Amino acid sequence: MTNHWVDIKNADVILVMGGNAAEAHPCGFKWVTEAKAHNKAYFMVVDPRFNRSASVADFYAPIRSGSDIAFLGGVINYLLSNDKIHHEYVKNYTDFSFIVRSDFDFVDGIFSGYNQEKRTYEKASWDYELGADGFVKTDPTLQDPRCVYQLMKKHYARYTPEKVESVCGTPRAKFLHICEKMASTAVPGRAMTILYALGWTQHSIGAQILRTGAMVQLLLGNIGVAGGGMNALRGHSNIQGLTDLGLLSSSLPGYLTLPSQVEQDYGKYIEARTQKPMRAGQMSYWQNYSKFHVSLMKAWWGPAATAENNWAYDYLPKLDKQYDMLQIFEMMNEGKVNGYLAQGFNPLAALSNKDRVRSGLAKLKFLVIMDPLATETSEFWKNHGEYNDVDASQIQTEVFRLPTTCFAEEEGSVVSSSRVLQWHWKAAEPPGEAHTDIHIMSELHMRLKALYQKDGGKFPDPIVNLWWPYAQPHEPTAAEVAKEYNGRALVDLVDPKDPTKVLRKAGEQVSGFGELRDDGTTISGCWIYAGAWTQAGNQMGRRDNSDPTGIGNTLNWAWAWPANRRILYNRASCDPSGKPFNPKRKVVSWNGSAWGGADVPDFGANLAPETGAGPFIMNPEGVARFFARKGLNEGPFPEHYEPFDTPLGYNPMHPNNKQATSSPAARVFPAIWDTFGAAKDFPHVGTTYRLTEHFHYWTKHALLNAITQPEQFVEIGEALAQEVGVKSGERVKVSSKRGYIKAVAMVTKRIKPMQIEGKTVHHVGIPIHWGFKGLTKPGFLANTLTPFVGDGNTNTPEFKTFLVKVEKV
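Since this is a predicted model, take the numbers as computed values, not measurements. (Residues numbered from 1 in each chain as written. Predicted model: local features only at pLDDT ≥ 70, side-chain atom pairs only at ≥ 80, totals over all residues. Heavy atoms only, no water.)

Visitor: Any chance you could explain the overall build of the protein here in plain terms?
Guide: Each helix and strand counted, the protein has 21 helices and 33 strands in total. Its C-alpha atoms give the protein a radius of gyration of 26 Å, within 12% of the compact-globule value 28 Å for 809 residues. In terms of principal-axis extent, the alpha carbons of the protein reach across some 85 × 70 × 55 Å. Across the 809 residues that make up the protein, the buried fraction comes to 57%. (Helix = DSSP H or I, 4+ residues; strand = E, 2+ residues; numbered from the N terminus. Rg over C-alpha atoms; globule rule 2.2 N^0.38 Å. Buried < 20%, exposed > 50% of the residue type's maximum accessible area, 1.4 Å probe, protein only.)

Visitor: What is the right way to read the side chain of His762 from this model?
Guide: Structurally, His762 can be placed in the loop between β31 (759–761) and β32 (763–767). Judged by relative accessible area, His762 falls into the buried class, the value being 7%. Within the structure, His762 has its side chain in polar contact with the side chain of Glu723 (distance 3.4 Å). The contact partners of His762, leaving out residues within four places of it in the chain, are His684, Val685, Ala719, Leu720, Glu723 and Pro753. (Polar contact = N/O pair within 3.5 Å; in protein donor to acceptor, adjacent residues only side chain to side chain. Contact = heavy atoms within 4.5 Å.)

Visitor: Any chance you could explain the sheet that holds strand β14 (residues 398–403) here in plain terms?
Guide: Adjacent strands of a sheet form backbone hydrogen bonds with each other and so pair up, either parallel or antiparallel. The strand order across the open sheet built from three strands is β12-β13-β14, with neighbouring strands paired in parallel fashion. With partners counted over all chains shown, the strands left at the sheet margins are β12 (339–343) and β14, one partner each. Here the average twist between neighbouring strands, direction ignored, is 15 degrees. As judged from the six bridges shared by strand β13 (residues 366–371) and β14, these two strands associate in the parallel manner. Its bridge partner lying in β14, Ile369 is registered against Arg401. (Pairing = 2+ DSSP bridges. Axes fitted to C-alpha atoms, helices over the stretch in contact; angles between N-to-C directions.)

Visitor: For this particular structure, what's the right way to read unusual backbone geometry?
Guide: Trans is the common state for peptide bonds, and a negative phi is the common state for residues other than glycine. Between Trp561 and Pro562 the backbone carries a cis peptide bond, its omega angle lying at -5 degrees. Relative to the assigned elements, Pro562 resides in the loop between β23 (559–560) and β24 (588–590). At Lys40, a residue that is not glycine, the phi angle is positive and equals roughly 55 degrees. Relative to the assigned elements, Lys40 resides in the loop between α2 (30–39) and β2 (42–46). Judged by relative accessible area, Lys40 falls into the exposed class, the value being 68%.

Visitor: Whenever I open this one, a nonpolar patch on the surface confuses me. Can you help?
Guide: Where nonpolar side chains cluster on the molecular surface, the patch consists of Leu703, Leu704, Ile707 and Leu775 and spans about 460 Å² of accessible area. Secondary-structure assignment places Leu703 in helix α20 (residues 703–708). Overall, Leu703 belongs to the exposed group, its relative accessible area being 56%. (Patch = residues over 30% accessible without salt bridge, like charges linked within 9 Å, V, L, I, M, F, W, Y side chains within 5 Å. Areas by Shrake-Rupley, 256 points an atom, 1.4 Å probe, with all protein chains shown as cover. Salt bridge = Lys/Arg side-chain N within 4 Å of Asp/Glu carboxyl O.)

Visitor: What is the right way to look at the packing of helix α4 (residues 68–81) against helix α7 (residues 161–168) in this model?
Guide: For any two helices packed against each other, one specifies the crossing angle of their axes together with the interaxial distance. Put simply, α4 and α7 touch, their axes get as near as 9 Å, and they point 170 degrees apart. Considering the angle they form, α4 stands roughly antiparallel to α7. Between α4 and α7, the residues in contact are Ala70, Phe71 and Gly74 and Val164, Val167 and Cys168, respectively. Looking at the contact of α4 with α7 residue by residue, the class counts come to five nonpolar, one polar and no charged. (Parallel < 35°, antiparallel > 145°, perpendicular 65-115°, else oblique. Nonpolar A, V, L, I, M, F, W, Y, C, P; charged D, E, K, R; others polar.)

Visitor: What exactly am I supposed to notice about the UniProt feature "domain: Molybdopterin dinucleotide-binding" (unreviewed entry) in the protein here?
Guide: Feature annotation in UniProt assigns "domain: Molybdopterin dinucleotide-binding" (unreviewed entry) to the following positions: residues 687–802. End-to-end, the C-alpha atoms of residues 687–802 are 7 Å apart, and along that stretch the chain is 11% helix and 31% strand. (UniProt positions renumbered as here; feature names shortened; annotations may be inferred.)

Visitor: In this structure, what is going on with the UniProt feature "domain: Molybdopterin oxidoreductase" (unreviewed entry) in the protein? I would like to understand it.
Guide: The feature "domain: Molybdopterin oxidoreductase" (unreviewed entry), as given by UniProt, occupies residues 2–377 in the numbering adopted here. Span residues 2–377 is 36% helix and 12% strand, its end C-alpha atoms 35 Å apart.

Visitor: How should I be thinking about the pairing of strand β33 (residues 802–808) in this particular structure?
Guide: Successive side chains on a regular strand alternate, one facing one side of the sheet and the next facing the other. Summarising the sheet, strand β26 (residues 684–689) and β33 pair through three bridges and their orientation is antiparallel. The residue bridging Val685 from the neighbouring strand is Leu803, located in β33. Direction of pairing for strand β28 (residues 731–736) relative to β33: antiparallel, over a ladder of four bridges. Residue pairing across strands places Val734 opposite Val806, the latter belonging to β33.

Visitor: Before we go on, may I ask you to explain the sheet that holds strand β15 (residues 412–415) in this structure?
Guide: The strand order across the open sheet built from three strands is β15-β16-β23, with neighbouring strands paired in antiparallel fashion. Two strands in the sheet have a free side with no partner beyond their single neighbour: β15 and β23. Bridging between strand β16 (residues 420–424) and β23 involves two bridges; their strand directions are antiparallel. Pairing of Val420 across the sheet is with Ala560, part of β23. Here helix α19 (residues 478–486) sits on the sheet in contact with β15 and β16, set at roughly 160 degrees to β16.

Visitor: Mind showing me how you'd approach helix α16 (residues 354–361) here?
Guide: Each α-helix winds once per 3.6 residues, and so residues spaced three or four apart point in a common direction. Counting buried positions over the eight residues of α16 gives six, a clear majority of the element. Along α16, the residues that are buried comprise Lys354, Arg356, Val357, Arg358, Gly360 and Leu361. Lining the buried residues of α16 we find α14 (325–333), α15 (347–350) and β13.

Here it is in structure tokens:
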């Protein structure tokens, strides 16, 4: 979230799209109701179903699953065509005036630089024109046909209300009503927040959907302001912490990145990530990359990481490809993976295409499960009848279950959607032989280290030299780990301007990432968490919810990354002189000598407005990008592409170019091309979602949850039910090209048929929570139906739109 949960109360307009906050985030949804009750906020929902959020909204509009970019692209066209934009904001805080290279082009759905054989883009042309001084060329008049404003206006001119209705199934009048309400916030003093979740991310074009939403918010001036922002609603705190701590395959903690195979030279690795300013006077905070990286390497390898060995750079793996979950399971199916450790992960239920996941697991030599519960993955080899029909005698995988504690049986930190780290304390002893994840992983590490020390190996150094300075090596405490990811000084840190002045004594915790250095004198396991456990103590454990400004920024409640800031890019809430656009909801302001206000300024505290530095300090331009230079893999402007299971068989934006039907840069493996369905065989559109009564795949083990939602069901509209001859309560078979499930049919008015390109399209709603383990009635895994294809940037599987066929059992 660029903002935070409480800040939603400051919104004048609220859009929930790609999520269902009332259903899946009922506690956080309180702040939507607060905005409606006390701020007269206008609340809109756009979704294939009339869901629980829609039931309390002021306005609802339907949309075909997978067509969000067409809808949002239409909003962009509306705002630009009708001049409904925040002019002062976009002029000063975005790349509107920047000139794009002359060799950049877009022809019938494909951007310049495409390699069809490799299904990738060479992105050199996706950049700005640079002057002799190395800075970006601009046209403040916005008349140059190559400026971002003109290119964007041309790109989205095709996304008319009529085209939105045809592609998305959203009635023209409803679409225009939503556009008008959004446009009402394109003025100082009003703000809109966008709330989204997996309904936007779990698509083969998911990252581009999010970018299109962000572009809408930038046009309206809604990024960095109270009540604004792009706010991702995390399904549980592990998801935010997972990305923060670098558990994605190509990541390092704090959104640093692993080197690729061609980056054997440490200096070039650092240089490529140390982005120099592209305009005079810009901060470009990634210039500090080396400080964050070296401090991380010192935290991991301590004395073994030295300037002489480039801070143990050779210890890091150099990626020859993306080793995401889809890639790993593809390699399992190819017989290239011997063992797999599933820690708090149930891939048989949670990854896409159950049968492909199961066949991969069956080719392993061993599988280790770390989980408090028996999961479908831990019993993938057992025959559970139709729900998991296998011949156990043909599966040679040896499965080890290591029972872990759950959150109430340990202490530590969790990170909410709001980027807030909250400390929790142990409430109960774990049952039986359960241990904390830290204990189990530490024991594994100590044994591996001993084996390498005894027997050697091809490259034992990263394991043998891993720094392990904990009081009890077999089980470091959560506090020790938290202090490590915050960071500390290894020697006395002196002021570079006054060597006689000691800023931080050796052994002391740093107060923030501004104290980190790249000379090996500091450690920090996650630079964005620096400040979470300072010399003053555990900031995550604070519980002071006082709100002296009334804006909702309770700065003494726990701690938010980065720097305890609650609203990112908050410098953009003020005009160039530092005067708040909305004095009634002042986030920060310039008082003539420093920045201050209701939040920690997202800017140098004493960086005067006269310097001209932009508020988007992580970008070398200092401003936000409409044109994603060399950024996302599908193109610098989001473009609508069909899901890989498309109900149309062509892209309505490019009907004559098969190459542009679905994302030309999505994560697709050659072996799965024949697993995509066709509308002639599977005429209905399936989509998955969560229910309030269950939490993912856990609570089917809990009796009360099993009582409230005991049996698997699917939602089908009345028109579809009549078409297939099904009544509510009867059982149906829902099939895709990958397999089938059987469940109770819940016939509902909440799902209506849509007219898409002159064709009637029905949606089918499929809750995800059931399986063959737990106290609920056994059910089928919903991911039996979903395709094994991922987003071209994040590799997130396409769970939210796929073709199915509904039949009466």
